[in-house]
Amino acid sequence: MSDLQCPARFLLVCEPDASVAQSLRYERVAAVYDGAPGAGGAVLGRVLGLPVQALARPIALVDVLEGAEDAVNDLESLADLHRGETVVVSAVGRAGARTEISVDGDGLDRIAPGGEEDRS
């Protein structure tokens with residue numbers, strides 16, 4: 001059976017600077033979370049005009065992509081708060097790295113560059 005709830009869309013960015021934040025200005029971002037304290041969350045919030053909410057523990061991009069249980073659980077918990085919305089998360093990882101993740105009741109899906117879901 002398919003999930004009847006809208007997925008939450010996460011834009012995970014590592015060590016974002018002002019140019020990365022500027023590139024997100026035209027997204028309809030509902031919230032900004034700092035999953036990498038001191039690594040650019042404040043810049044995202046300032047440029048996007050949103051308060052930055054700190055996460056209880058850091059989120060590493062590589063952990064999300066590898067399906068690490070803690071990272072997946074953290075994003076699924078956030079998704080419950082943001083169904084149908086776009087959320088930006090400052091993540092731990094190589095500066096400038098970014099990815100798009102869709103989270104619904106069936107789990108996490110990485111969105112391929114063309115905008116299609118990659119369920120691999």
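Model, not experiment: these values are computed from the prediction.

(A) Local environment of the pairing of strand β5 (residues 98–104). The buried count for β5 comes to five of seven residues, which makes it a mostly enclosed element. In this structure, strand β1 (residues 8–14) lies alongside β5, joined through six bridges in antiparallel fashion. By the bridge assignment for β5, A8 is matched with V103. Strand direction decides the pairing type here: β5 and strand β6 (residues 107–111), joined by four bridges, are antiparallel. Each residue of the ladder has a partner; that of V103, found in β6, is L108. From the end of β5 to the start of β6, which pair antiparallel, there are two residues.

(B) Inspection of the side chain of D34 at higher detail. Mapped onto the elements, D34 comes out in strand β2 (residues 29–34). There is no salt bridge for the buried D34, and the closest opposite charge comes from R46, which lies 11 Å off by N-O distance. A distance of 3.1 Å separates a polar side-chain atom of D34 from the backbone nitrogen of A36. For D34, the contacting residues outside a window of four places in its chain are G41, V52, Q53, A54, L55 and S90.

(C) How the structure looks around helix α2 (residues 41–48). Considered for burial, the residues of α2 that qualify are G41, V43, L44, G45 and L48. Summarising the contacts, the buried residues of α2 are in contact with β1, α1 (18–23), β2, β3 (52–54) and β4 (86–91). Immediately downstream of α2, the backbone of G49 shows phi near 70°, a positive value.

(D) How the structure looks around the nonpolar core. Ranked by size, the top nonpolar core spans 19 residues in total, and within it F10, L12, V64 and L75 carry the most contacts. Broken down by secondary-structure element, the contributors of at least two residues to this core are β1, β2, α3 (61–66), α4 (69–81), β4 and β5. Counting 11 residues, the second largest nonpolar core, distinct from the first, contains L11, A21, V43 and L48.

Conventions used here
- In this convention, every chain numbers its residues from 1, walking through the sequence in written order.
- For this predicted model, a pLDDT threshold of at least 70 governs which residues receive local features, and a threshold of 80 or more governs which side-chain atom pairs are given and counted, while totals over whole chains, interfaces and linings are taken from all residues.
- Water and hydrogen atoms play no part in the side-chain values, which are based on all heavy atoms of the structure.
- Exposure categories follow from relative accessible area, calculated using a 1.4 Å probe and restricted to protein chains: below 20% of the type maximum is buried, above 50% is exposed, and the middle band is partly exposed.
- Helix numbers and strand numbers start at the N terminus; a helix is a DSSP run of H or I with at least 4 residues, a strand a run of E with at least 2.
- When DSSP finds at least two bridges between two strands, those strands are taken to pair.
- Think of it this way: Lys and Arg go in the positive column, Asp and Glu in the negative one, and His and the chain ends go nowhere.
- Only one rule defines a salt bridge in this text: a Lys or Arg side-chain nitrogen within 4 Å of an Asp or Glu carboxyl oxygen.
- As used in this structure description, the phrase polar contact means that two N or O atoms lie within 3.5 Å; if the pair is within protein, one of them must be able to donate a hydrogen and the other to accept it, and residues adjacent in sequence are counted only when both atoms belong to side chains.
- Whether two residues are in contact is decided by their heavy atoms: any pair within 4.5 Å suffices.
- Think of a nonpolar core as a cluster: buried Ala, Val, Leu, Ile, Met, Phe, Trp, Tyr and Cys residues, connected wherever their side-chain atoms sit within 4.5 Å.

None of the figures reported here should be taken as evidence of function without further support.
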